[in-house]
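Fold and geometry: a report
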Amino acid sequence: MPSDTPHTPEAKHHATEAFRHAAESTRRRSPASFDQWFSGIQLDGIDDGVLSLAARDEFVRDWVKNHFLPDLLDAMRGYLGGDPQKALEVRWRISGDIPAPVSEPRRSSPPPSRRPSEAPSAPRPRLAAVPRPGLADALNPKHTFSNFVVGPSNELAYAAALASAAGGRPRYNPLFIAGGTGLGKTHLMHAIAHQVLAERPDTRVVYVSAEHFTNAFIEGLQHHKMDEFRARYRSQCDLLLVDDIQFLAGREQTQEEFFHTFNALHDAARLIVVTSDKYPQQLQRMPERLVSRFGSGLVADIQTPQLETRVAIVRKKAVLEGIELSDEVAVLLAQGVPSNVRELEGALIRLAAKASLTGRPIDFEFVQSEMALVSPRRPDMLSVEDVQRAVCSHFRLSNSELLSKDRHKSVAFARQVAMYVCRQRLKSSFPELGRAFGNRDHTTVMSAVRRVETLRARDPQVNAHLEAIEQKLASSED
Ligand code: ADP
Ligand code: MG
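Here's what I pulled together on the structure shown here. (Residues numbered from 1 in each chain as written. Chains lettered and ligands numbered in written order. Predicted model: local features only at pLDDT ≥ 70, side-chain atom pairs only at ≥ 80, totals over all residues. Heavy atoms only, no water.)

1. Points about the pairing of strand S6 (residues 239–243)
For a regular strand, side chains alternate in direction, first toward one face of the sheet and then toward the other. The criterion, for reference: Exposure categories follow from relative accessible area, calculated using a 1.4 Å probe and restricted to protein chains: below 20% of the type maximum is buried, above 50% is exposed, and the middle band is partly exposed. A run of DSSP states H or I qualifies as a helix once it reaches four residues; a run of E qualifies as a strand once it reaches two. Both are numbered from the N-terminal end. Should DSSP find at least two bridges between two strands, the strands are taken to pair.
Buried residues dominate S6, accounting for 5 of its 5 residues. Residues Leu239, Leu241 and Asp243 line one face of S6 and the alternating positions Leu240 and Val242 line the opposite face, and both faces are buried. In the sheet, strand S5 (residues 205–209) pairs with S6 via 5 bridges, with the strands oriented parallel. Residue pairing across strands places Ser209 opposite Asp243, the latter belonging to S6. Two elements, S6 and strand S7 (residues 271–276), share 4 bridges in a ladder whose sense is parallel. Its bridge partner being in S7, Val242 is matched across the sheet by Val274.

What follows is the structure, given as structure tokens:
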């Protein structure tokens, strides 16, 4: 990007979106602390390879510079392309106009450390000074029900989320939304909050990540403010939304506190919604009494979306971001990023940014060449044999069993999986694959691929097999 100049408003918009995405991916390392510090900076613009940022004060500037900027710049380069050796220049200015944060998550998570020169008793930075918590800017305004694309992979979670936003005595309590990263759990949770606040603005909605809950609890203990902490999460809360509950793993004291929080709300018929990257029973280092409570309401899962849903998501995002996209390109993108909606969205934004920076349309050719460049999985380096080997080792089969005429269920399944992975990763033709799998007919391969695609979207176990195999292939490529 350094050599490119985003002069048009469109290019600026896309460069800004790339910044937002880069920030999102940096944020995932430590959401609570990131939010706290990033609330003190503002993007002025990106022009001529220069990223202009404003900071509320020098303290915030230095913290962001030292802790987040290298990752953020890396991610920006990833989004915008350009010479990786050439550093993006960053210009800072200090602006007293950037308001201190008002959201609860940002307000009370402890600053990750102090300035070296700062004595332990020195006043805390202004970041912690605003007393009134607000929910609005903890929520992404785009994460609404209407912006959520519903398909077979997420319809139960969507319906349950929608029902839980309806108010009244909860039918299921808690609602536990389980699913892999980047599949829309946080989106649905924000959507619940938006809907409830729009329809019943007086509802006391508390949205919190489990990481923030932990930090706030520790802070409450340290500063003897447990009454305040408990009031916030128990008596002053009508709806509690806790994101990424797996973060509580092994944190026994916080688990204990959360257990009592849960019971207090549950007894008062107040709804609790929890998201997690695992099903309750799979949560590690989580006490049984919490696990059983998590499973006592409704557990709704989100699976990897099927191709049709992914195409619909790409289309929706393109409309939301004002990106023009042909159907053909939407399908190509959706095919290229199969298992994570966040990455799919990231790929779209990156393409839009690069297209407008270089003044190209986002057409089939451009997307195809870009996808080949950025694909983390370099499909051309793999062969059918690599895939067969990985599948055999995963299912503990020999290669001759895999290629044999054996129709035993487990062997047949492994074979279908291998065909599916070959098709996904190598884009080989069906007849070609038929030949590579013991001279089978191409229609056999076609139906195997279709079957596994359907199973993957419906059955978490099948998905887990595929993820393990993909992992294996990824590590064998390094
Ligand atoms: P998770 O919390 O499960 O890791 P997120 O809710 O943060 O994932 O979703 C990642 C990104 O993908 C978000 O930008 C979200 O809007 C988008 N996304 C995921 N699923 C959908 C969907 N079904 N429709 C529209 N956008 C989606
Ligand atoms: Mg999330």
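Here the narrative resumes, following the displayed structure.
2. Let's talk about the pattern of salt bridges
If charged atoms from side chains of opposite charge come close, those side chains can pair. Condition: Here, a salt bridge means any side-chain nitrogen of Lys or Arg that lies within 4 Å of a carboxyl oxygen of Asp or Glu.
Here the structure, examined in full by the defined rule, presents 17 salt bridges. Notably, a salt bridge pairs Arg456 with Glu470, separated by 3.2 Å at the nearest N-O pair. Note that Arg456 is positioned in helix H20 (residues 442–458) and Glu470 in helix H21 (residues 460–477), a separation of 14 residues in sequence. Grouping residues by exposure puts Arg456 and Glu470 together as buried. Look at the salt bridges and you will find they share partners, linking Arg204, Asp238 and Arg270 into a network.

3. Quick look at helix H6 (residues 155–164)
What counts, and what does not: Directions drawn from the helix axis to the C-beta atoms are what define this arc. Contacts were defined at the residue level, with two residues in contact if any of their heavy atoms lie within 4.5 Å.
Along H6, the residues classified as buried are Ala157, Tyr158, Ala160, Ala161 and Ser164. Buried residues along H6 cover an arc of 170° about the axis, so they all sit on one side. Contacts made by the buried residues of H6 are with strand S4 (175–179), helix H7 (185–199), S7 and strand S8 (298–302).

4. A look at the site of ligand 1
Cut-off, in case you're wondering: Note on terminology: near, applied to a residue and a molecule or strand, indicates that one of the residue's heavy atoms is within 4 Å of it. Counted as a polar contact is a pair of N or O atoms within 3.5 Å, where, for protein atoms, one must be capable of donating a hydrogen and the other of accepting one, and residues adjacent in sequence contribute only when both atoms are in side chains. In this document the domain limits rely on a domain assignment from an automatic tool or a database.
The environment of ligand 1 is formed by 18 residues, the closest being Gly182, Lys185, Thr186, His187 and Glu345. Here an oxygen atom of ligand 1 sits 3.1 Å away from a polar atom, N or O, in the main chain of Gly184. At 2.8 Å, a side-chain N or O of Thr186 approaches an oxygen atom of ligand 1. Broken down by secondary-structure element, the contributors of at least two residues to the shell around ligand 1 are H7, helix H12 (307–321) and helix H14 (341–357). Residues lining the shell around ligand 1 come from more than one domain, with at least three contributed by each of domain 2 (135–302) and domain 3 (307–374).

5. Looking at the packing of helix H8 (residues 210–222) against helix H9 (residues 226–235)
This is how it is decided: Orientation is described by axes fitted as lines to C-alpha atoms, over the contacting stretch for helices, and by angles from 0 to 180 degrees between their N-to-C directions.
Interhelical geometry of H8 versus H9 gives an angle of 150° and a closest axis separation of 8 Å. Of H9, the residues touching H8 (which contributes His212, Phe213, Ala216, Phe217, Gly220 and Leu221) are Met226, Phe229 and Tyr233.

6. Focus: the sheet that holds strand S3 (residues 89–94)
One open sheet accounts for 3 strands, arranged S1-S2-S3; its pairing is mixed. Strands with a single pairing partner mark the edges of an open sheet, and in this sheet they are strand S1 (41–47) and S3. Taken over all neighbouring pairs, the strand axes of this sheet differ in orientation by 20° on average, direction set aside. Bridge analysis of S1 against strand S2 (residues 50–55) gives 6 bridges, and the strand direction is antiparallel. Counted as the bridge partner of Gln42 is Ala54 from S2. Helix-sheet contacts for helix H1 (residues 9–27) involve S1 and S2, and the interaxial angle to S1 is about 135°. Here helix H3 (residues 58–67) sits on the sheet and contacts S1, S2 and S3; the angle it forms with S3, its principal contact strand, is near 160°.

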